[in-house]
Amino acid sequence: MSDRLSVFKTYKLFVGGKFPRSESGRVYEVTDSKGKWLANAPLSSRKDARDAVVAARKAFGGWSGATAYNRGQILYRVAEMLEGRREQFVAEVADAEGLSKSKAAAQVDAAIDRWVWYAGWTDKIAQIAGGTNPVAGPFFNVSSPEPTGVVAVLAPQESSLLGLVSVIAPAIAAGNTVVVVTSEKSPLPALSLGEVLATSDVPGGVVNVLSGKTAEIAAPLAAHQDVNAIDLAGADAELAKALEVAAADNLKRVLRPQPVDWAADPGTERLMAFLETKTVWHPTGSLGAGGSSY
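Calculation criteria
Residues numbered from 1 in each chain as written. Predicted model: local features only at pLDDT ≥ 70, side-chain atom pairs only at ≥ 80, totals over all residues. Heavy atoms only, no water. 1 Å grid on protein atoms, 1.4 Å probe; cavity = no way out; pocket = protein on both sides within 12 Å on 5 of 7 lines; lining within 4 Å. Points joined across faces, edges and corners; volume = space filled by probe spheres on them. Helix = DSSP H or I, 4+ residues; strand = E, 2+ residues; numbered from the N terminus. Pairing = 2+ DSSP bridges. Phe/Tyr/Trp six-rings, centres within 6.5 Å; stacked < 30°, edge-to-face > 60°. Buried < 20%, exposed > 50% of the residue type's maximum accessible area, 1.4 Å probe, protein only. Lys NZ or Arg CZ within 6 Å of the ring centre and 35° of its normal. Core = buried A, V, L, I, M, F, W, Y, C linked by side-chain atoms within 4.5 Å. Contact = heavy atoms within 4.5 Å. Axes fitted to C-alpha atoms, helices over the stretch in contact; angles between N-to-C directions. Parallel < 35°, antiparallel > 145°, perpendicular 65-115°, else oblique. Left-handed = near helix turned anticlockwise from the far one by under 90°. Nonpolar A, V, L, I, M, F, W, Y, C, P; charged D, E, K, R; others polar.

Student: When you look at the layout of surface pockets in this model, what are you seeing that I'm missing?
Tutor: Gaps between atoms show up when a probe of the same size as a water molecule is rolled over them. In this structure, the largest pocket encloses a volume near 420 Å³. If you go around the largest pocket, you meet 27 residues; those closest to its centre are K9, Y11, L38, A39 and N40. Every element with two or more residues in the lining of the largest pocket is listed here: β1 (27-31), β2 (37-42), α3 (86-97) and α7 (188-198).

Here you go:
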């Protein structure tokens, strides 16, 4: 009989491409659906939230300026790396959501496929969200989508991986950078996803993952003047109302919480949620005596 002791995993935050512990040094116990202890997760502070926003803002210029094709390649790489760690995530999702191994595997497979889905959309968003506009005058009038900026995302509370991916992937596919607040009771798959992102060519700061008390972390993010939008998917009605009020101070774009079947076809709603439309007018001109114009 072996006397070897198991090596317990230390879960950390994912901020700016690195894995810091919470600034406060605090942790909280994470248990499975039967109350069995699984791990200690970092209990993020307001300082951690501010640091994550700084990292997301720093990364925004490079990520939004990358070609859509390049962003698609990187999102596909995330799917590849997640596929390679499939068994780990099946175990974590099963523990987090009290699912059988087969049902947890279905959730993980759907999450992998969701990354592939959004990878394919990165260079197609402009075709459905932009175009040329007919105008009464000698002008070209062109509308094109641009990312909103830094997006705070409250991950769904009950869907620890599939729901998480379903709110992160569309935001970054569109060129935004994000600060994600994990499910409060089931943060471990999200914290492990940070390890996948770190090895998937995603530039540091594009996705920042914070665990802890949702309301405690969300409040400073909603009020932060350098956060441009907030997705309230993981907020209850009371918290969502308070965060909307705080978000109004700098006119953040707000995506309100709503019932979602995360396993259903995601459509394009979340892709479009954090895009702005830039419209450019350009005068046309004559090319010659024949009266042709461009």
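From this point, the narrative continues.
Student: Looking at this model, I keep getting lost on the sheet that holds strand β4 (residues 139-147). Mind explaining?
Tutor: Pairing between sheet strands relies on hydrogen bonds along the backbone, with the strands arranged either parallel or antiparallel. Ordered by their spatial adjacency, 3 strands build an open sheet running β3-β4-β10, and the pairing between neighbours is antiparallel. Single-partner strands in this sheet number two, and they are β3 (131-132) and β10 (275-283). As paired elements, β4 and β10 share 9 bridges and run antiparallel to each other. Counted as the bridge partner of P147 is L275 from β10.

Student: Any chance you could explain the packing of aromatic side chains here in plain terms?
Tutor: Between two aromatic rings, the relevant description is the distance of the centres plus the angle of the planes. Using the criterion set out here, one finds 5 aromatic pairs in the structure. Judged by centre distance (5.7 Å) and plane angle (80 degrees), the ring pair of F139 and W281 falls under edge-to-face. Taken as a pair, F139 in strand β4 and W281 in strand β10 lie far apart in primary sequence, 142 residues in all. Under the relative-accessibility criterion, F139 is labelled partly exposed at 38%. Through a chain of ring-to-ring contacts, the aromatic side chains of W117, Y118 and W121 assemble into a single cluster. Taking NZ or CZ as reference, R57 lies 5.7 Å from the ring centre of F60, over its face.

Student: Before we go on, may I ask you to explain the nonpolar core in this structure?
Tutor: Within the largest apolar cluster, 62 residues are counted, with the highest numbers of intra-cluster contacts made by W115, I168, I172, V178 and V207. Ignoring sequence-local partners within four residues, the contact set of V178 consists of A56, V151, V153, I168, A171, I172, V206, V207 and N208. One finds A152, I230, L239 and L243 within the second-largest nonpolar core, a separate group that totals 25 residues.

Student: Any chance you could explain the packing of helix α2 (residues 68-84) against helix α4 (residues 101-121) here in plain terms?
Tutor: A pair of packed helices is characterised by two quantities: the angle between their axes and the separation of those axes. The contact between α2 and α4 brings their axes to 8 Å, and the two run at 165 degrees. As judged from the angle between their axes, α2 and α4 are roughly antiparallel. Note on packing geometry: the crossing formed by α2 with α4 is left-handed. Note on element contacts: α4 touches α2 through A111, I112, W115, V116, Y118 and A119, opposite G72, L75, Y76, V78, A79, L82 and E83. Split into classes, the residues belonging to the contact of α2 with α4 amount to 11 nonpolar, 1 polar and 1 charged.

Remember, this is a structural readout, not a statement about activity or role.
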